[in-house]
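# Survey of secondary and tertiary structure
Now for the letters of each chain:
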Amino acid sequence: MSNYDTIKDLAVRFMQRNKMTSMYLAKEDYVAYAQNAIPLMKEAVDLTKEYPNDFAAYVVAINIVSSNVRNLTDLTEKLGDAYCTHAFCALGHEAKLLENAVLFMGRNINNDKCATLLVQESTQMFVVLYTILVNLDKSLEKLQSYLDECLDRAVPICANLYKTALSFHPSLEACVHMRDFFKKLCDDPDDFLTPEESLRPAQIKDLYHDIAVYADRAVDDIHMMIN
């Protein structure tokens, strides 16, 4: 059986589990939803480690992570202090997925599907960061410092991906969406989307890794505060 056939079979299982997980959300059982969604996201990210050179593996992982990352982040107003844990978990898994994906996708950035997925998911990562920023208790200075470190890395990531993707695909819809998002944050989105330096995929991979590390540290600190 080829990797494609194997991944296709795994995709069916992932989608079935994701559908069952979504049922908890529909029933407003947010705790059960988070308890099922977070490990499912981790397994999806691990799939890209097992099949690092198979585009299909990234498609499966992105579908699973994307369908849960915003939901976990949106639990901010429903679970009180616990929201930070889920939001930072979501951020961490998104960053780990992109860390695994950027070398493969970066080498194939001339493919519009690869470019779209990289830009689309990096935009979503920034949306998660911004959502945490808006909702984070300002008295939590250590968590704020982690968030600042993440933002310092997310901006050059987005700027470089935006510039590179457009150079191959001048009308890429994912770039339009990224620009529209940053336009909501400032009068001139080029303030964010003009890179100060050109980064290679390996350098962007390191930035994704740093964001994942800070997100994990935030989760650990939140657990210590709650317990």
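Throughout what follows, the structure given in this document is the object of discussion. (Residues numbered from 1 in each chain as written. Predicted model: local features only at pLDDT ≥ 70, side-chain atom pairs only at ≥ 80, totals over all residues. Heavy atoms only, no water.)

## A look at helix α7 (residues 173-185)
Just so we agree on the cut-off: In DSSP terms, a helix is any run of H or I states spanning at least four residues, a strand is any run of E spanning at least two, and both are numbered starting from the N terminus. For a helix, the expected span equals 1.5 Å multiplied by the residue count minus one. Using a 1.4 Å probe on the protein chains alone, a residue whose accessible area is under 20% of its type maximum counts as buried, one over 50% counts as exposed, and one in between counts as partly exposed. The directions considered for the arc are those from the helix axis to the C-beta atoms. By the convention used here, residues are in contact when the closest approach between their heavy atoms is within 4.5 Å.
Its 13 residues give α7 an end-to-end C-alpha distance of 19 Å, which sits within 8% of 18 Å, the value for a rise of 1.5 Å per residue. Taken residue by residue, α7 has A174, C175, M178, F181 and F182 as its buried positions. Projected down its long axis, α7 carries its buried residues within an arc of 120°, all on one side. Exposed positions of α7 whose direction lies more than 90 degrees from the buried face are E173, K183 and K184. The secondary structure elements touched by the buried residues of α7 are α5 (112-135), α6 (141-168) and α8 (190-193).

## A look at unusual backbone geometry
When glycine is set aside, most residues are seen to have a negative phi, and most peptide bonds are trans. Positive phi outside glycine occurs at E28, with the angle close to 65°. Tracing the chain through its elements places E28 in the loop between α1 (3-26) and α2 (30-50). Classification of E28 as exposed rests on a relative accessible area of 57%.

## A word on the pattern of salt bridges
To keep it simple, the criterion reads: A carboxyl oxygen of Asp or Glu within 4 Å of a side-chain nitrogen of Lys or Arg is what we treat as a salt bridge.
Per the stated rule, a full pass over the model turns up eight salt bridges. Two residues, K96 and D216, come together in a salt bridge whose shortest N-O distance is 3.0 Å. Taken together, the positions of K96 in helix α4 (residues 83-107) and D216 in helix α9 (residues 201-226) put the pair 120 residues apart, joining distant regions of the chain. With a relative accessible area of 25%, K96 lands in the partly exposed category. Across the salt bridge formed by R179 and D190, the nearest N and O atoms sit 2.9 Å from each other. In this pair, R179 is assigned in helix α7 and D190 in helix α8, connecting sequence segments eleven residues apart. Judged by relative accessible area, D190 falls into the partly exposed class, the value being 31%.

That's the geometry; what it means functionally is another story.
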